[in-house]
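Read off the chains here:
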Amino acid sequence: YIDTIKTMKQIEKKLEADIAGAESLNIDDDIFDIERIDYFIFDEDSKILMTSNMPDMSYQENMGRINLDVFIQRNQPQWFYYETAFNIGDNKIILLLRKNAEDIHREINRLWSIIIIASIIMIFLVALSLLRISKKHLKPIRIMTNKVQHISVNDLSERLDVRGTKDELKDLAATFNKMMDEIENSYEKQKQFVSDASHELRTPIAVIKGYASMVNRWGKEDPSVLEESLKAIEEESRNMQSLVESLLFLARRDKGSMEMEKELFNAKTFMEEIIKESNLIDSQQHKFSSTLEYDGEIYASADKLKQAIRIFIDNSMKYTPSGGEIEIVLKSSNKDIYIIIKDNGIGISKEDLPYIFERFYRADQARTRTNKGGTGLGLAIAKVIIEQHDGRIFVQSEPDEGTSVTIMLPKNNENQ
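Note that residues are indexed from 1 along each chain, following the sequence as it is written. With pLDDT at 70 or above as the cut-off, local features in this predicted model cover only qualifying residues; side-chain atom pairs require 80 or more to be listed or tallied, and sums for whole chains, interfaces and linings still use all residues. Note that water and hydrogens are dropped before the side-chain values are worked out from all heavy atoms of the structure.

**Some thoughts on the overall build of the protein**
Step number 1: Note on conventions: DSSP H or I runs of at least 4 residues are helices, E runs of at least 2 residues are strands, and numbering of each starts at the N terminus. The helix and strand inventory of the protein stands at 10 helices and 12 strands.
Step number 2: Working definition: with a 1.4 Å probe on protein chains only, accessible area under 20% of the residue-type maximum means buried, over 50% means exposed, and in between means partly exposed. A total of 416 residues make up the protein; the buried ones form 36% of that total.
Step number 3: Sequence-distant contacts, at least 24 apart, represent 62% of the contacts inside the protein between residues at least 6 apart.
Step number 4: Accessible area of the protein: about 26500 Å², with a carbon and sulfur share of 50%. Two residues form a contact once any of their heavy atoms are found within 4.5 Å. Residue burial considers only the protein chains on display, and all accessible areas are found by Shrake-Rupley using a 1.4 Å probe.

Structural data, given as structure tokens:
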């Protein structure tokens, strides 16, 4: 089309140059024969004046349109037309050029066929490429999915392979592995917790069962056996009750349902009461001393905080030989309150020190030398209580030299 339009415009310019100023038409047919173009010349009344070896035709009947530059006749799409107008003297003429467009249409149809076929091939190649790319990128996801499907409670050791993965998938795999590490660690702790709790409960149950059997056999006739059995059953019942309460306390902490009613009270008066109780309980075994420098208020749960401090004091009494010294200090800084319990007891080894706040953990040395091993839940409970008060615990200890426990609490945590 473009080449044909250019050719027809060149012919138009040549004719305009030849006819300019002429009084009559004098057209050289050679320029039309070379380009295989037909021409029709009409006057301004649409009467044909001259044609190029074509039958006579009416401009209005054949064209049905006027004043168009380039168009294809609607009922004859194989022809390509070009229309222009000239002035010869005082007369206006209309020049209509026509060229057979079958070759053009044929080339266009062939071009469209090539475009359609090329498009289909391109779409197929793109789809194939996308399929290969998607398989390559989805392969790590399929592997991850298969790995995850094989993870169960019986086997939490399965991990995703981060090799070969990139960017977000690698981050996802690493995050999943970290989560599985935490889940496995938590699950193992829960298993150990249940196992230890069962073991601890088995002992008092066995004792109670044994003494109950003794009462059934001989207690009815022997008052001394009956009294001994009842005392032992009562003691073991208290131990079991204490253990169960400790387990319930830690379970509420794990569940996040533990609440503490806090209030403002005088820290010095509070500590004086604890020291007085400690002297009443163990005045003959150990020497108690105290330094209470802080006489301000503290915002806490008095009952729970006393429970935590009593745990540390009881440990000092338990693992400090008779005649040893236990010192209790209360002091403060600008923001914090410090409660310090020091003793000169058997101490804790460096190997045991990092684990003393774990549940059911009991240092072998302390349990062997004093034969006063408890359930191993006391320090875990104390740590939970202090953390619930936004506090921290620091422990320093050396074997055979003693232990120092420092409890650090915010001075006033009422509005937090």
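**Side note on the pattern of salt bridges**
Step number 1: Within this document, salt bridges are pairs made up of a side-chain nitrogen of Lys or Arg and a carboxyl oxygen of Asp or Glu, the two lying within 4 Å of each other. Here the structure, examined in full by the defined rule, presents five salt bridges.
Step number 2: With its nearest N and O atoms 3.4 Å apart, the salt bridge here joins Glu277 to Lys306. Placement of Glu277 in helix H7 (residues 267–281) and of Lys306 in helix H8 (residues 302–318) is noted, with a sequence separation of 29 residues between them.
Step number 3: Counted as one network, the salt bridges with shared partners bring together Glu273, Glu277 and Lys306.

**What about the side chain of Asp343?**
Step number 1: Inspection of the secondary structure puts Asp343 in strand E10 (residues 336–343).
Step number 2: Charged-residue counts in this description rest on Lys and Arg as positive and Asp and Glu as negative, His and the chain ends being excluded. An unpaired buried charge is present at Asp343: no salt bridge exists, and Lys342, the closest side chain of opposite charge, is 11 Å distant.
Step number 3: For Asp343, the side chain forms a polar contact with the main-chain nitrogen of Gly345, separated by 2.9 Å.
Step number 4: In this structure, Asp343 is in contact with Ser316, Thr320, Glu325, Ile326, Glu401, Gly402 and Thr403, ignoring residues within four places of it in sequence. Polar contact is defined as a pair of N or O atoms within 3.5 Å, subject to the rule that within protein one atom must be able to donate a hydrogen and the other to accept it, and that residues adjacent in sequence are counted only when both atoms are side-chain atoms.

**Some thoughts on the packing of H8 against helix H10 (residues 378–388)**
Each pair of packed helices gets described by two things: the angle between the helix axes and the distance between those axes.
Step number 1: Axes here refer to lines fitted to C-alpha atoms; in helices the fit is confined to the stretch in contact. Angles between the N-to-C directions go from 0 to 180 degrees. Axis separation between H8 and H10 bottoms out at 9 Å; the angle between their running directions is 145°. Here H8 runs over H10; the crossing is left-handed. For the pair formed by H8 and H10, the contact residues are Lys304, Leu305, Gln307, Ala308, Ile311, Phe312 and Asn315 on the first element and Gly378, Leu379, Ile381, Ala382, Ile385 and Ile386 on the second.
Step number 2: Residue polarity is assigned by list, with Asp, Glu, Lys and Arg as charged and Ala, Val, Leu, Ile, Met, Phe, Trp, Tyr, Cys and Pro as nonpolar; anything else, Gly included, falls into the polar class. Looking at the contact of H8 with H10 residue by residue, the classes come out as nine nonpolar, three polar and one charged. Crossings are assigned a handedness: left-handed for a near helix turned anticlockwise from the far helix by less than a right angle, right-handed for a clockwise turn.

**Some points on the nonpolar core**
Step number 1: In terms of nonpolar packing, the biggest core is built from 48 residues, with Met271, Ile309, Phe312 and Ile407 touching the most fellow members.
Step number 2: Considering every element that reaches this core, the biggest residue donor is H8, with seven residues.
Step number 3: With residues near it in sequence (within four places) discarded, Ile407 still touches Ile309, Phe312, Ile337, Tyr338, Ile339, Ile341, Ile386 and Arg392. To qualify as a nonpolar core, a set must consist of buried Ala, Val, Leu, Ile, Met, Phe, Trp, Tyr and Cys residues joined through side-chain atoms within 4.5 Å.

**Let's talk about the packing of aromatic side chains**
Step number 1: Each aromatic pair joins two rings of Phe, Tyr and Trp (for Trp, the six-membered one) with centres within 6.5 Å, and gets the label stacked for planes under 30 degrees apart, edge-to-face for over 60, and tilted for any other angle. All chains considered together, the criterion is met by one aromatic pair.
Step number 2: Look at Phe265 and Phe270: their rings are 5.1 Å apart centre to centre, the planes differ by 55°, and that puts the pair in the tilted class. When sorted by exposure, Phe265 lands in the same class as Phe270, which is buried.

**Brief notes about a nonpolar patch on the surface**
Step number 1: A surface patch of nonpolar side chains, amounting to about 570 Å² of accessible area, comprises Ile117, Ile121, Phe124, Leu125, Leu128 and Leu131.
Step number 2: On the secondary structure map, Ile121 appears in helix H4 (residues 102–149).
Step number 3: Given a relative accessible area of 45%, Ile121 falls into the partly exposed group. Note on patches: the residues involved have over 30% relative accessible area and no salt bridge, like charges join within 9 Å, and the nonpolar side chains Val, Leu, Ile, Met, Phe, Trp and Tyr join within 5 Å.

**What about the sheet that holds E10?**
Step number 1: Here the rule is simple: two strands pair whenever DSSP picks up at least two bridges between them. In spatial order, the strands read E7-E9-E10-E12-E11; together these five strands make up an open sheet with mixed pairing. Whereas interior strands pair on both sides, the edge strands pair on one side only; in this sheet they are strand E7 (287–292) and strand E11 (392–398). Neighbour-to-neighbour, the strand axes of this sheet turn through a mean angle of 10°, independent of strand direction.
Step number 2: Strand contacts of H8: E7, strand E9 (325–332), E10, E11 and strand E12 (402–410), with the helix running at about 25° to E10, the strand carrying the most contacts.

**Looking at H7**
Step number 1: One less than the residue count of a helix, multiplied by 1.5 Å, gives the span that helix is expected to have. Compared with an ideal rise of 1.5 Å per residue, which puts 15 residues at 21 Å, H7 spans 21 Å between its outermost C-alpha atoms and is within 8% of the ideal.
Step number 2: Within H7 the residues assigned to the buried category are Ala267, Phe270, Met271, Ile274, Ile275 and Ser278. Along the axis of H7, the buried residues cluster in a sector spanning 130°; they form a single face. Exposed residues pointing more than 90 degrees away from the buried face of H7 are listed as Lys276 and Leu280.
Step number 3: Looking at the packing, one finds that the buried side of H7 touches strand E6 (263–266), E7, strand E8 (297–300), H8, E9 and E10.
Step number 4: You can read the cap of H7 off the contacts: a side-chain oxygen lies 3.0 Å from the backbone nitrogen of Lys268, and it is on Asn266. Taken from the helix axis, the directions to the C-beta atoms give the arc we talk about.

**Quick word on a negative patch on the surface**
Step number 1: On the surface, a cluster of negative charge is made up of Glu259, Glu261, Glu263 and Asp303.
Step number 2: Following the sequence through the fold, Asp303 ends up in helix H8.
Step number 3: On the basis of relative accessible area, Asp303 is assigned to the exposed category, the value being 64%. Throughout, a charge is located at the NZ atom of Lys, the CZ atom of Arg, the CG atom of Asp or the CD atom of Glu.

**Remarks on the environment of Asp282**
Step number 1: Assignment of secondary structure puts Asp282 in the loop between H7 and E7.
Step number 2: If we ignore the near neighbours within four places in the chain, the residues touching Asp282 are Phe288 and Met317.
Step number 3: At 3.3 Å, the side chain of Asp282 and the backbone nitrogen of Gln285 are in polar contact.

**Things to note about the confidence of the model for the protein**
Close reading of the predicted structure is inappropriate where its pLDDT is low.
Step number 1: Known as pLDDT, the predictor's confidence for each residue is given on a scale from 0 to 100. The share of residues in the protein with pLDDT of 70 or more is 71%, and the mean pLDDT across the chain is 76.
Step number 2: Within the protein, E10 carries the highest mean pLDDT (95), whereas helix H9 (residues 364–370) carries the lowest (43).
Step number 3: Scored below 50 in pLDDT, residues 58–74 makes 38 contacts in the model with residues more than four places away or belonging to other chains.
Step number 4: Every residue in residues 365–372 scores below 50 in pLDDT, and together they form 14 contacts with partners more than four places removed in sequence or on other chains.

**A word on H8**
Step number 1: Here H8 is 17 residues long and its end C-alpha atoms lie 24 Å apart, about the 24 Å a rise of 1.5 Å per residue gives.
Step number 2: Residues of H8 that are buried: Leu305, Lys306, Ala308, Ile309, Arg310, Ile311, Phe312, Ile313, Ser316 and Met317.

**Focus: the packing of H7 against H8**
Step number 1: Between H7 and H8, whose axes approach to 11 Å, the crossing angle comes to 45°. Taken together, H7 and H8 sit at an angle that is classed as oblique. In this structure, H7 crosses over H8, and the sense of that crossing is right-handed. Packed against H7, whose contacting residues are Phe270, Met271, Glu273, Ile274, Glu277, Ser278 and Ile281, the element H8 presents Ala302, Leu305, Lys306, Ile309, Arg310 and Ile313 at the interface.
Step number 2: Its residues assigned to classes, the contact of H7 with H8 shows eight nonpolar, one polar and four charged. Roughly parallel covers angles under 35 degrees, roughly antiparallel covers those over 145, roughly perpendicular covers 65 to 115, and oblique covers all other angles.

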